[in-house]
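# Examination of the molecular architecture
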Amino acid sequence: MEIVSTVATMQQRVKEAKGKGQQIAFVPTMGYLHDGHLSLLKEGRKRGDLLVLSIFVNPTQFGRGEDFEDYPRDLQRDSELAEKIGVDIIFAPLINEMYPRGYATYVDVEGITEVLCGATRPGHFRGVTTVVNKLFNIVQPHVALFGNKDFQQLTVIHRMVLDLNMPVEVVGMPIFREDDGLAMSSRNVYLSGSQRQQALVLSQSLEVARRMASVGDLDSHEIIETLKEKISTQSEARIDYIKICHQLTLEEQRKVDADSVLLLAVFIGKTRLIDNGFLLY
Ligand code: PAF
C-alpha cells in the first residue's frame, strides 16, 4: 500500500492503472476510520482493481465555530486498518495541495442543499461538492462508495454527478451501527459515557417511527411530535431537526409512504449527530 500526498503523483498512479485497463474504486473519507468506512472499503475491494482511499479533513465544509480543528485524526491507525482490507493507495493531501493560494472555484448544487443539514450548516454542502468534485478529478474513479448515514450528502452527490455528466457510478452503502443501534460516526468519540447512552435516542426514534408507520400511523406531524417528546426526555439532547422527506427530492411529506425517509439531527451536548432511515419497507 502506498500513501500519496500530492495531486501529481495520484494522477500519475491513475494514469498507470488506466493504461493497464484497471477499474478504479474510490472511497472518500475524512479519516478516523470506523467499521462503516471499512464496509465501504471491502465493497470497493470487490468492485475495483485499484482501490483508492482518500483521507482529507476538508476545511471548506466546516462552518465557523464547528469542529474542524478538533476533528479526530490518526493517519497511522487508519493506514494499518486500510492495509488489512487491501487498499492500494491512500491519498492524503495537505490543505495547501487541495486549496493552494489563489484557489477560487466552488461547486454549488442548488435547492436540496438548502434544507435539513444545509439550513443549519450554510455552505457545508458547497464544501462537500467542491472537494468531492476535485477528488473525482484527481482519482478519476469508475465507482465511488459513500455511506447512507449522510443521506443528504449522498443525494446531493448523486445530483451533482448527474447534472455535471460525471462518468462515475456513485454507490450508497447501508448505515453501520454499534450493537446497541448507535450509527457509527467518527464524531462518536466526542461523547462522554452518559452522552453515549443518551445518543441512543436517535436510533430508538427511528424504531418508534417505524413502529407507528407499520401500524398505519402515517401522519408525519404526529410521528414527529411523538419523537420530539421522546427526545426531550434526554437531558443533554437538543433537536436540530426531525423531518420526514421524499427520498429523492428531500421535500417534506405530510403522509408517510414507501419513499419516506425520516431524517434526524440532534445535538447531544455539543456533538451534533445525524441518523436516518426508511419508514416503510
Ligand atoms: O462524508 C465525508 O466523510 C465527507 O463529507 C467527504 C465525502 C469525504 C467529503 O469531505
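Here goes a summary of the coordinates provided. Along each chain, the written sequence defines residue order, and numbers are assigned to residues from 1. Local features in this predicted model are restricted to residues whose pLDDT is 70 or higher, and side-chain atom pairs enter the listing and the counts only when it is 80 or higher, whereas totals over whole chains, interfaces and linings include all residues. Calculation of side-chain values draws on the structure's entire complement of heavy atoms; hydrogens and water are dropped beforehand.

## Some remarks on the overall build of the chain
Helix and strand content of the chain: 10 helices and 9 strands. In this setup the radius of gyration rests on C-alpha atoms only. A globule is expected at 2.2 Å times the number of residues raised to 0.38. Here the C-alpha atoms of the chain give a radius of gyration of 19 Å, agreeing with the 19 Å that 2.2 N^0.38 yields for 281 residues. Dimensions of the chain, computed from the C-alpha atoms along their principal axes, are close to 55 × 40 × 40 Å. When burial is assessed residue by residue, the chain has 52% of its 281 residues classed as buried. The contact definition used throughout considers only heavy atoms, calling two residues in contact when any of these lie within 4.5 Å. At a minimum sequence separation of 6, the contacts of the chain that also span at least 24 residues come to 72%. Total accessible area computed for the chain in this model is approximately 13600 Å², and 48% of it derives from carbon and sulfur atoms. Secondary structure is summarised from DSSP: a helix means a run of H or I of at least four residues, a strand means a run of E of at least two, and numbering begins at the N terminus for each. Exposure categories follow from relative accessible area, calculated using a 1.4 Å probe and restricted to protein chains: below 20% of the type maximum is buried, above 50% is exposed, and the middle band is partly exposed. Using a 1.4 Å probe, the Shrake-Rupley method yields the accessible areas, and only the shown protein chains count as cover for residues.

## A word on the side chain of Asp-78
You can see Asp-78 is positioned in helix 3 (residues 75-85). Any N or O atom pair separated by 3.5 Å or less is treated as a polar contact, with the protein-specific requirement of one donor-capable and one acceptor-capable atom, and with residues adjacent in sequence counted only for side-chain atom pairs. Reaching out from Asp-78, the side chain makes a polar contact with the backbone nitrogen of Leu-33 at a distance of 3.0 Å. If we ignore the near neighbours within four places in the chain, the residues touching Asp-78 are Gly-31, Tyr-32, Leu-33 and Ile-55.

## A short note on helix 1 (residues 7-19)
The end-to-end C-alpha distance of helix 1, which contains 13 residues, comes to 18 Å, matching closely the 18 Å that a straight helix rising 1.5 Å per residue would cover. For helix 1, the full list of buried residues reads Val-7, Met-10, Val-14 and Ala-17. Buried residues of helix 1, seen end-on, are gathered within an arc of 90 degrees and therefore sit on one face of the element. Facing away from the buried side of helix 1 by more than 90 degrees, the exposed set consists of Ala-8, Lys-15 and Gly-19. Given the number of residues in a helix, its expected span is that number minus one, multiplied by 1.5 Å. Think of the arc as the fan of directions from the helix axis to the C-beta atoms.

## Thoughts on empty space enclosed by the protein
Cavity and pocket criteria rest on a 1 Å grid covering protein atoms alone: a 1.4 Å probe that fits but cannot get out defines a cavity, protein on both sides within 12 Å along at least 5 of 7 lines defines an open pocket, and an atom within 4 Å of a point defines a lining residue. Grid points are joined across faces, edges and corners, and a volume is the space filled by probe spheres set on the points. The tally for this structure, following the rule as stated, stands at 1 cavity of 30 Å³ or more. Its boundaries defined by the atoms lining it, the largest cavity holds a volume of some 70 Å³. What lines the largest cavity is Lys-149, Leu-182, Ala-183, Ser-185, Asn-188, Ala-199, Leu-202, Ser-203, Leu-273, Ile-274 and Asp-275. Per-element tally for the lining of the largest cavity: the top contributor is strand 9 (residues 271-278), with 3 residues.

## Here we look at the site of the ligand
Distances are taken per atom, and a residue is near a molecule or strand as soon as one of its heavy atoms is within 4 Å of it. As a structural note, the neighbourhood of the ligand is formed by Pro-28, Thr-29, Met-30, Asn-58, Gln-61, Val-131, Val-132, Phe-146 and Gln-153. At 2.6 Å, a side-chain N or O of Gln-61 approaches an oxygen atom of the ligand. Here an oxygen atom of the ligand and a side-chain polar atom of Gln-153 are 2.7 Å apart. Alone, the ligand offers 290 Å² of accessible surface; in the complex the protein occludes 89% of this. Contributions of two or more residues to the shell around the ligand are made by strand 2 (24-29) and helix 6 (124-139).

## Considering the sheet that holds strand 5 (residues 143-147)
Here we have 6 strands laid out as an open sheet, ordered 1-4-3-2-5-6, and parallel in their pairing. With partners counted over all chains shown, the strands left at the sheet margins are strand 1 (2-4) and strand 6 (169-173), one partner each. Going across the sheet, the axis of each strand differs from the next one's by a mean of 25 degrees, ignoring polarity. Alignment of strand 5 against strand 6, held across 5 bridges, turns out to be parallel. Across the sheet, residue Gly-147 finds its bridge partner in strand 6, namely Met-173. If DSSP finds at least two bridges between two strands, the strands pair. The axes are straight lines fitted to the C-alpha atoms, using for helices just the contacting stretch, and the angles between their N-to-C directions are given from 0 to 180°.

## Quick notes on helix 6
Residues separated by three or four positions in an α-helix point in the same direction, a consequence of the helix having 3.6 residues per turn. A rise of 1.5 Å per residue sets the reference length of helix 6, with its 16 residues, at 22 Å; its end C-alpha atoms lie 22 Å apart and thus fit the reference within 8%. Counted residue by residue, helix 6 has 14 buried out of 16 residues, so it is predominantly covered.

## Some words on the side chain of Arg-187
By the secondary structure assignment, Arg-187 is in the loop between strand 6 and helix 8 (193-198). Side chain to side chain, Arg-187 and Asp-67 meet in a polar contact 2.7 Å long.

## Observations concerning the nonpolar core
Counting 45 residues, the largest nonpolar core has Met-10, Val-52, Phe-91, Met-98, Val-132, Phe-136 and Phe-146 as its most contacted members. It is helix 6 that provides the largest number of residues to this core, a total of 8 residues. With sequence-adjacent residues up to four places away left out, Phe-91 is seen in contact with Val-4, Ser-5, Thr-6, Val-7, Met-10, Val-52, Leu-53, Ser-54, Ile-55, Met-98, Leu-135 and Ile-138. What makes a nonpolar core is a set of buried Ala, Val, Leu, Ile, Met, Phe, Trp, Tyr and Cys residues whose side-chain atoms join them at distances within 4.5 Å. Ranked by size, the runner-up nonpolar core spans 25 residues in total, among them Val-201, Leu-202, Ala-209 and Ala-213.

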